[in-house]
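# Coordinate inspection notes
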Amino acid sequence: MSQHQGNFLEDFSPNQVFQHAIPRTISDGDVSLYLALVGNRNPLHCSIITANNIGLSAAPVDDILLFHVAFGRTVNDISLNAVANLGYANIQFKRNAYVGDTIRSESQVIGVKENSNKSTGVVYVRSTTFNQDNEEILSWIRWVMVPKRNNDSKINELIPNDLPEISDLSEIHRHDVSYADFNPIDTGSDLLFEDYDIGQVINHSSGMTIDETDHTLATKLYQNNAKLHFDAHMMKSTPFKRRLIYGGHIISLCRSLSFESLENALQVVGVNSGVHSNPTFAGDTIYTRTEIIDKFEHDNFSGAGILRLRQLGIKNTPSALIENITSEKNGKKIYDPSIVLDIDYFVVIPKRK
Amino acid sequence: MSQHQGNFLEDFSPNQVFQHAIPRTISDGDVSLYLALVGNRNPLHCSIITANNIGLSAAPVDDILLFHVAFGRTVNDISLNAVANLGYANIQFKRNAYVGDTIRSESQVIGVKENSNKSTGVVYVRSTTFNQDNEEILSWIRWVMVPKRNNDSKINELIPNDLPEISDLSEIHRHDVSYADFNPIDTGSDLLFEDYDIGQVINHSSGMTIDETDHTLATKLYQNNAKLHFDAHMMKSTPFKRRLIYGGHIISLCRSLSFESLENALQVVGVNSGVHSNPTFAGDTIYTRTEIIDKFEHDNFSGAGILRLRQLGIKNTPSALIENITSEKNGKKIYDPSIVLDIDYFVVIPKRK
Amino acid sequence: MSQHQGNFLEDFSPNQVFQHAIPRTISDGDVSLYLALVGNRNPLHCSIITANNIGLSAAPVDDILLFHVAFGRTVNDISLNAVANLGYANIQFKRNAYVGDTIRSESQVIGVKENSNKSTGVVYVRSTTFNQDNEEILSWIRWVMVPKRNNDSKINELIPNDLPEISDLSEIHRHDVSYADFNPIDTGSDLLFEDYDIGQVINHSSGMTIDETDHTLATKLYQNNAKLHFDAHMMKSTPFKRRLIYGGHIISLCRSLSFESLENALQVVGVNSGVHSNPTFAGDTIYTRTEIIDKFEHDNFSGAGILRLRQLGIKNTPSALIENITSEKNGKKIYDPSIVLDIDYFVVIPKRK
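Reference entry: report on the structure contained in this document.

Rules behind the numbers
- Residues numbered from 1 in each chain as written.
- Chains lettered and ligands numbered in written order.
- Predicted model: local features only at pLDDT ≥ 70, side-chain atom pairs only at ≥ 80, totals over all residues.
- Heavy atoms only, no water.
- Helix = DSSP H or I, 4+ residues; strand = E, 2+ residues; numbered from the N terminus.
- Polar contact = N/O pair within 3.5 Å; in protein donor to acceptor, adjacent residues only side chain to side chain.
- Contact = heavy atoms within 4.5 Å.
- Least-squares fit on C-alpha atoms with pLDDT ≥ 70 in both.
- Buried area = accessible area lost by both parts, 1.4 Å probe.
- Salt bridge = Lys/Arg side-chain N within 4 Å of Asp/Glu carboxyl O.
- Nonpolar A, V, L, I, M, F, W, Y, C, P; charged D, E, K, R; others polar.
- Buried < 20%, exposed > 50% of the residue type's maximum accessible area, 1.4 Å probe, protein only.

Attention now goes to the side chain of C:Lys148. All names here are of chain C. Structurally, the position occupied by Lys-148 is in the loop between β6 (136–147) and β7 (201–203). From its side chain, Lys-148 meets the backbone oxygen of Lys-118 in a polar contact 3.3 Å long. If near-sequence neighbours (up to four positions away) are discounted, Lys-148 is found in contact with Phe-8, Leu-9, Glu-10, Glu-114, Lys-118, Ser-119, Thr-120, Ser-153 and Ile-155.

Let's shift gears to the relation of the copies chain A and chain B. Here two copies of a chain appear, and what relates them is a rotation about an axis with a shift along it. Overlaying chain A with chain B gives an RMSD of 0.0 Å, the required rotation being 120 degrees about an axis along which the chain moves by 0.0 Å. As the rotation angle and translation indicate, the two copies are arranged about a three-fold axis. Rotation axis and chain A: the residue whose C-alpha lies nearest the axis is A:Gly29, separated from it by 2.3 Å. A different interface surface on each copy is seen, since only 9% of the contact residues of chain A are contact residues in chain B too.

The next subject is the relation of the copies chain C and chain A. For the pair chain C and chain A, the superposition axis carries a translation of 0.0 Å, the fit reaches an RMSD of 0.0 Å, and the rotation angle comes to 120 degrees. The residues that chain C uses at the interface reappear at the interface of chain A in only 9% of cases, marking distinct surfaces.

This part is about the interface of chain C and chain A. Counting residues at the interface gives 47 residues for chain C, matched by 34 residues for chain A. Three residues, C:Ala36, C:Arg41 and C:Cys46, lead the burial of chain C against chain A; their summed loss comes to 18% of the area buried on that side. One can count 1 salt bridge joining chain C with chain A. Among the salt bridges present, the one from C:Asp211 reaches A:Arg243, with a minimum N-O distance of 2.9 Å. Our enumeration of links across chain C and chain A arrives at 14 residue pairs in polar contact (both at pLDDT 80 or more). For the side of chain C that touches chain A, the elements supplying multiple residues, two or more each, are α1 (28–38), α2 (48–53), β7, β8 (208–209), α4 (212–221) and β10 (285–297) of chain C. Top contributing element to the side of chain C that touches chain A by residue count: α1(C), with 8 residues. Among the residues forming the side of chain C that touches chain A, the class breakdown is 18 nonpolar, 21 polar and 8 charged.

Counting residues at the interface gives 47 residues for chain A, matched by 33 residues for chain B. Carbon and sulfur atoms supply 55% of the area that chain A and chain B bury against each other, a total of about 3,100 Å² over both sides. Among the residues chain A hides against chain B, the three largest losses belong to A:Ala36, A:Arg41 and A:Cys46. Together they make up 18% of the total. If you look at where chain A meets chain B, you find 1 salt bridge. Seen at the junction of chain A and chain B, the total is 14 residue pairs in polar contact (both at pLDDT 80 or more). In terms of residues, the side of chain A that touches chain B owes the most to one element, helix α1 (residues 28–38) of chain A, which gives 8 residues. When its residues are assigned to classes, the side of chain A that touches chain B shows 18 nonpolar, 21 polar and 8 charged.

The next subject is α4(C). All names here are of chain C. Of all 10 residues that make up α4, 9 are buried, and the element is covered over most of its length. Those residues of α4 not exposed but buried are Thr-213, Asp-214, His-215, Thr-216, Leu-217, Ala-218, Thr-219, Lys-220 and Leu-221. At the C-terminal side of α4, Gln-223 shows a positive phi close to 60 degrees.

With that settled, the discussion passes to helix α6 (residues 247–257) of chain B. Among the 11 residues that make up α6(B), 11 are buried, leaving the element largely enclosed by the rest of the structure. For α6(B), every residue scored as buried is listed here: B:Gly247, B:Gly248, B:His249, B:Ile250, B:Ile251, B:Ser252, B:Leu253, B:Cys254, B:Arg255, B:Ser256 and B:Leu257.

What follows is the structure, encoded as structure tokens:
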């Protein structure tokens, strides 16, 4: 019998495909616990009436929750031993998912690069999630730093292609949603597509402190079993000295904290790129800032427009107090130590009637 | 675009009505998480068989959970910036709610008073919660201390009427419940309406320590987004120095801890008044004492009687050790620092056959 | 009115039967929260597709969750005042349970022994759990140390019979499950019954740190109200000085952590014996080791075989580093202080086709 202890850099071959294990039926319990963990107030995910109003027969699962559960499927094969989850690109939320749906994920290796230290490397994968009818509901690219099992092993490298942007949104649609029938009374805000301007910056005022059980409960909910989130004994002998918070938890908090002043940004439909620029730990308080970096209309979302947002996750400093997001150091752009997330994504927001 | 950062004293006009946002469908997940957060053992809320026995087709949602979710709707408009939630009166649980029901709340301003310090004031509101059929299921009065945006602003005051008691319970009924068919084996206690005496004091022996994730998870479950419960960074620079626990969490714990010796007090139907007399913080252990202050029968509750309870929430001292609830200081009655809740409410309890 | 504060040694009579209170309907919320609390990744409990594949119309409730909820029913009568939960024997998982089932438990006293210190004693009970159709789904024996109300009381003793082993599994069956149709892609492991050898030892590599809210939330979910898990104020004056973690939580963590390398061990069908050999507290990191102590086929489980496992729960030391599980001290075998659980149980695992 061979024990399963996760893959090392040597175990990833160019173009290899993983059929990830553990199909997951999403339940009312998952939805409710997610809401309680991240403080989500988006009515589309907690009110059947809001969903019915825009033509849906049930409340769709929160996009970011769906991403986390889909992502969780991939951890055991891709990132169980990861040193760091370096980034995401091209996340496409292709279809809504609902309570009762059973999802599964698969991944293809699209890049393998050894680091110059010969002890670690970077693996790039494109992952895709399907529902019980084998419809593609979600796909994304991510890259992770993975240790080598043995410094001397020779790695079969594959240089990844340039990571595609998804600004055309051509593969994403919500033809089943009639955003024109959305009732802003459900969010309490009359700010619609027309009310946002490119270049506008929103310093959301609310902050949320993360405690150990918050992030470990969330990460276990997604069945993401990366050891560095859970094993404080092991982490004591790392430079972090304690458990590292799953970066995805910060994405959830920023999405949730930015409900204030983006109340009608009902759904996330795509993410161009996301970087966990600094680690977070229990005790940190997260704030968020949003910049509107683009806005446009798209045939796949009738009655609504698209806002492209740059959103920052910030620890222990209210968003309005942040002056420089990055600085130059030895000719290299580095993030301010308080910036923990820098994500560029698209939301759908109803238009004024 | 104007950002939404909650209302200040200047923003409340006499008789103004708020239609609160974020309708909420109550799910099995909410019920289960609430049970786990507060240690609820009342079988009426966790056993279909118990509910069926008394003529209900499903287990009704716990009254206090329903209150918290209903209350949560009102926070963003009424108390996002509140310094303190000062008290409640006249909470009427008019109808049962069930999993699958979608609730919404509205509030009317019934009082606005500036404090002599000119930097804060008190707002009184009457809030009402409706289900998806627009039936009124719950209503209450509360008053909160709210800061002024500007010390110099002139406030349009409205002196509130005397807060009504609800001792006649005329607007509350459970005609759909046949308490006479209740089976005490489901609670394990044979103590029924007849077994309690006016003046009797019960020192419940169990205590429950609150950790940060307990109260923040509960409060996020209710979508109550008052900042002082969540933002430890902000709270560091307040006199509290740390996150303040949502007072409603203490009501839940006292209700739950008082199951011992009040096992058959199946439902809360009304609250005359409630005061959060001192703050609570993570690490505090809550105990509770109940005094039976009245008992009577009422046509709206067939097969059962009503007990009127005065219940105290006590921190870090077992209930039996409390000698003086209040003391005189400079001619004013002040609560012992260990008393964190003083609530006066009505429960339905089946009568002996 | 007599207050209910739990039973003391004097309150247990030989052969006495307790019909425990608080029937419990198991919900999707319970299942989801359990998964998030213990990090369970067994697809049989989170994927309708996996359940359907082996002939079940819904995902069965996790066996250990079912045990905890069933056990929780018994605490108020048996172990509310227990000093320690000493051990379990002969746990039989007779039938699957499903979301929507309502369970109740009863217990018979099968042993009462006073300790030589005259201040405590040991109570042995056989407990049985039934579903809403009065089918027996689970039964077990446990023994707990209970204080006497009064050192001078005379105890009516009953020496328990030898605790039966359940190696014949004759009362347990899964005739409704066609394990032959199980698809190992759902767990990601091709290790089946044939791949394990008697004597083989698996040091599972993952560890999980327990925080206060983790174990208190789990224990409240089961409505297990034993005070020593919840009341930090009371526990300060005990030798433990803090809240003690419910031993059952360690069983859950070990079962969950041992998914790695035992992925296809789909169900627990019986437990021969279990001992909480040392206490655990918040902050401890749990690891687990499994030894295959027997393997055999059984007519009641078609298409699958049975593995008998000895599983250790270990705190703050990775399993691979443990050398001696027990040592001799004054002629007595004592557990290494890091060993917190020693459990001997049976799992069903599909056979190769």
